[in-house]
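Chain by chain, the residues:
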Amino acid sequence: MSDSVLFIGSGNMGSAIIKGCVNSKLLDPSDISVYDKDPVKTSKLGIENLNILTELSLVETYSAILIAVKPKDMDSVLTELSKSKTNQGIIISIVAGITIRHISQILGTEKPIARVMPNMNALISAGMNVIAYNKSVDEKKRELTKAIFKSVGEILETDESKMNAVTGLSGSGPAFVFMFIQALADGGVKVGLSRDEALLLATETVLGSAKTVKYSGIHPEKLKDMVASPGGTTIEGIHILEQNKFRGLIMEAVEVAKNKADVLGEK
């Protein structure tokens, strides 16, 4: 018997994971059910044979229920799930800041729960997905959860206590990187490149640099030193970045994003 998954929420992240599961052939579309309070979002999925639900009716048993809604909508979804009498599988939440303990309290039972922080690079199956579990998750449910997120990128399993820090780094991090790419491109335009040339160079430079860190095994600090020749152009640019606390600002951005995740969880 194949696994079946209910997706609650089909926004950017929910739809990316649905498409990843289908494109990787992890799940057949007929084994996927989708509910979203906004039917326009489900209509945009463009995948045939999905089971589109018009209401959150839990009369079927699913191997997993993946919740991909806004934090403000989480409690109402959990309340509906708590009313279900069917024996549901693992509950997977990708909702920022919401703890496993909070989910358990509303569900009212010790259900198997996974909390996952993906990032938006899942849109092109290049995401970073960090997973934490409660003690009720057995090996089979763990493997299903990992397989779902491997369909949209890399995975890392960790303790839930680190999840808000993960949110600040890899969850929010793509936005910081996109800003950096845009800034690099703007710098190129300022010194005479066309917009298209500058954006291509900035994008490929960041992409190639990330791959170099990943595959070379060389620490980023050492790689930076390899580019910065004595008395050369790069060290001049590094000097300006250091004068303006570039690294400190990035560290602070990760920290405040983590703190916001803490606040979301408290609310």
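All figures in this text were calculated on a predicted structure; none of them were measured in a lab. (Residues numbered from 1 in each chain as written. Predicted model: local features only at pLDDT ≥ 70, side-chain atom pairs only at ≥ 80, totals over all residues. Heavy atoms only, no water.)

What follows concerns the side chain of Ser33. When you line up the elements, Ser33 lands in strand S2 (residues 32-35). Setting aside its immediate chain neighbours within four residues, Ser33 contacts Val5, Leu6, Phe7, Asn51, Leu53 and Tyr62. (Helix = DSSP H or I, 4+ residues; strand = E, 2+ residues; numbered from the N terminus. Contact = heavy atoms within 4.5 Å.)

The next point concerns the nonpolar core. Counting residues in hydrophobic clusters, the biggest one holds 29 residues, and the most contacted among them are Ile17, Leu66, Ile92, Ile148 and Phe149. Sorting the residues of this core by element identifies strand S1 (5-8), helix H1 (12-23), S2, strand S4 (64-67), strand S5 (90-93), strand S6 (113-117), strand S7 (127-133) and helix H5 (139-150) as the ones contributing at least two each. At 6 residues, H1 tops the list of elements feeding residues into this core. Not counting residues up to four positions away in its chain, the partners in contact with Leu66 are Leu6, Phe7, Ile8, Ile17, Ile92, Ile94, Ile148 and Phe149. If you look at the next biggest cluster of nonpolar residues, it comprises 20 residues, including Leu56, Leu81, Ile91 and Leu107. (Core = buried A, V, L, I, M, F, W, Y, C linked by side-chain atoms within 4.5 Å. Buried < 20%, exposed > 50% of the residue type's maximum accessible area, 1.4 Å probe, protein only.)

The next point concerns the pattern of salt bridges. If you walk through the whole model with that rule in mind, you get 15 salt bridges. Notably, a salt bridge pairs Asp73 with Lys72, separated by 3.5 Å at the nearest N-O pair. Judged by its relative accessible area of 16%, Asp73 falls in the buried class. Residues joined in a network through salt bridges with shared partners are Glu221, Lys224, Asp225, Glu242 and Arg247. (Salt bridge = Lys/Arg side-chain N within 4 Å of Asp/Glu carboxyl O.)

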